[in-house]
Every structure is written in C-alpha cells, then in structure tokens.
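Summary of the model geometry
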Amino acid sequence: MRILQSRFSALIEIIGNLLQLNLVWLLMCLPVITIFPATVAMYGVVRKWISGREIDGIFRVYFSLFRECFLQSFGISMGWAGLACFLYFDYQIMRFPGSFIILGVVSVIFIAITAYLFPAMAHFDTNWKNIIRNSLTMAVAYPLKTALLVGILLVTFLLIFIFPISILILGSGSAYVSYMVCHKLFENLAK
C-alpha cells in the first residue's frame, strides 16, 4: 500500500511541477515576441529534470535560464518567424503545381528543424548558426526520432486547438516528452 501511495505522491508532484512550469511559460509568452526565449527556458528546466539535477525553485531556475538565453533565442525567433511568414505567403501566392512540391519539401524541412530547435538551444551552448545546422543534421540523420518529435508537436497543437484549456499543461508536458526523446541523442552527440 505504501508503494502505491509513494508512486501516487510522486505523480502528483510531477504534475504540480509541470503545471507551475507551464504557468510561468504562459505568462512569459504573453508578450508574443518572447515566445522563443520563454520556450527555450522551459526546455532548459525540463533538461535539468531529465538530467537528474535538483532544481531549487522552478521559478528561479526558469527566470535564470530566460535571462541567460534571451538574446540568442530572440535573434533566432526573428529569423524563424520571418521564414515561417515567407513560407505561408508563398503558399498563398503560388498557384502552379510544381511550386507546391518545392514548398512542401521546404516546409517539411522547416518543421523538422523546428522540432529539434528548442531542445538543442536548451542543451547546447553554441552560436545560432551551429544550432540551426545541428538541428538540420539531426532532423535528416534520425528520421524516426524526427517523425516522433513532429508528431508530438502536431498532437499538442491539435489538442490545444480542440481543447483550449489543455494549454495549461500541454506546453510543459509536450516539452518534457520531446526532450526525453532528444536527451540520449544529445548525450551521444556531446561525446
């Protein structure tokens, strides 16, 4: 009976931590221009959890990571948002069949890189060019993990679209699951 109680209390603690992390992430995403730094900081907290490091206060660690990664992630967000807008408007403008194939391939590559972008920014301490290059390399070199990460992103967005209240836990929950997929890969690449 004590085993069940301890597992239940551990589960409640994990859910509580994810809710706290998600709450601070949502608050920091309110100014829309801070979505990238807020998300990288969330992945940084998740990285510490998965790595087994003790976290002394989710809010303190989150804001420390937010300040630490703000400039780099903000810079990448401007370029990434610009590229996303470019792809969107190209879909709206192009009407001949060949363009949809080219834009489709570019969009798939863009989404695959995006799936690795936040975990890579939280894990690796390098410049933005290397982060994008490493994300592209991993997206191409590990197609099954890439498909899984893209699936996690798509399911998360679909659930939030269908059940908007689920955004209260799905942000940090999906970050946790997607970083678990990336963690071993990153550790192996670091060696």
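Notes on the structure in this doc start here. (Residues numbered from 1 in each chain as written. Predicted model: local features only at pLDDT ≥ 70, side-chain atom pairs only at ≥ 80, totals over all residues. Heavy atoms only, no water.)

Bringing the state of the cysteines into the picture now. A disulfide bridge is the covalent bond that connects two cysteines by way of their sulfur atoms. Here the structure, examined in full by the defined rule, presents zero disulfides. Here C69 stays unpaired: no disulfide links it, and the sulfur of C29, its closest cysteine neighbor, is 12 Å away. The exposure class assigned to C69 is buried, which follows from its relative accessible area of 13%. For the unlinked cysteine C85, the closest cysteine sulfur is that of C29, found at 17 Å. (Disulfide = S-S within 2.5 Å. Buried < 20%, exposed > 50% of the residue type's maximum accessible area, 1.4 Å probe, protein only.)

Between helix α4 (residues 97-123) and helix α7 (residues 167-190), whose axes approach to 10 Å, the crossing angle comes to 55°. As the angle between them shows, α4 and α7 are arranged oblique. The interaxial crossing formed by α4 with α7 has right-handed handedness. Note on element contacts: α7 touches α4 through Y179, C182, L185, F186 and E187, opposite Y116, P119, A120 and H123. For the contact of α4 with α7, a count of residues per class yields seven nonpolar, one polar and one charged. (Axes fitted to C-alpha atoms, helices over the stretch in contact; angles between N-to-C directions. Helix = DSSP H or I, 4+ residues; strand = E, 2+ residues; numbered from the N terminus. Parallel < 35°, antiparallel > 145°, perpendicular 65-115°, else oblique. Left-handed = near helix turned anticlockwise from the far one by under 90°. Contact = heavy atoms within 4.5 Å. Nonpolar A, V, L, I, M, F, W, Y, C, P; charged D, E, K, R; others polar.)

With that out of the way, let us pick up a nonpolar patch on the surface. A grouping of L11, I15, L19, V155, L158, L159, F161, I162, F163, I165 and L168 is seen on the molecular surface, where their side chains present a nonpolar patch of about 1100 Å² in accessible area. Elements with a minimum of two residues in the nonpolar patch: α1 (2-29) and α6 (143-162). The element contributing the most residues to the nonpolar patch is α6, with five residues. Structurally, L168 is set in helix α7. (Patch = residues over 30% accessible without salt bridge, like charges linked within 9 Å, V, L, I, M, F, W, Y side chains within 5 Å. Areas by Shrake-Rupley, 256 points an atom, 1.4 Å probe, with all protein chains shown as cover. Salt bridge = Lys/Arg side-chain N within 4 Å of Asp/Glu carboxyl O.)

Below, the discussion takes up the environment of V32. Structurally, V32 is set in the loop between α1 and α2 (35-50). Expressed as a C-alpha distance, the spacing of V32 and A175, which sit 143 residues apart in the sequence, is 19 Å.

Before going further, it helps to spend a moment on α6. Each α-helix turn comprises 3.6 residues. Residues three or four places apart therefore point the same way. Its 20 residues give α6 an end-to-end C-alpha distance of 28 Å, which sits within 8% of 28 Å, the value for a rise of 1.5 Å per residue. Within α6 the residues assigned to the buried category are T146, L149, V150, I152 and T156. Angular distribution of buried residues about the axis of α6 spans 150°; they occupy a single face of the element. Facing away from the buried side of α6 by over 90 degrees, the exposed positions are P143, L144, L154 and F161. Those residues of α6 that are buried are in contact with α4, α5 (128-141) and α7. (Expected span 1.5 Å × (residues − 1). Arc of directions from axis to C-beta.)

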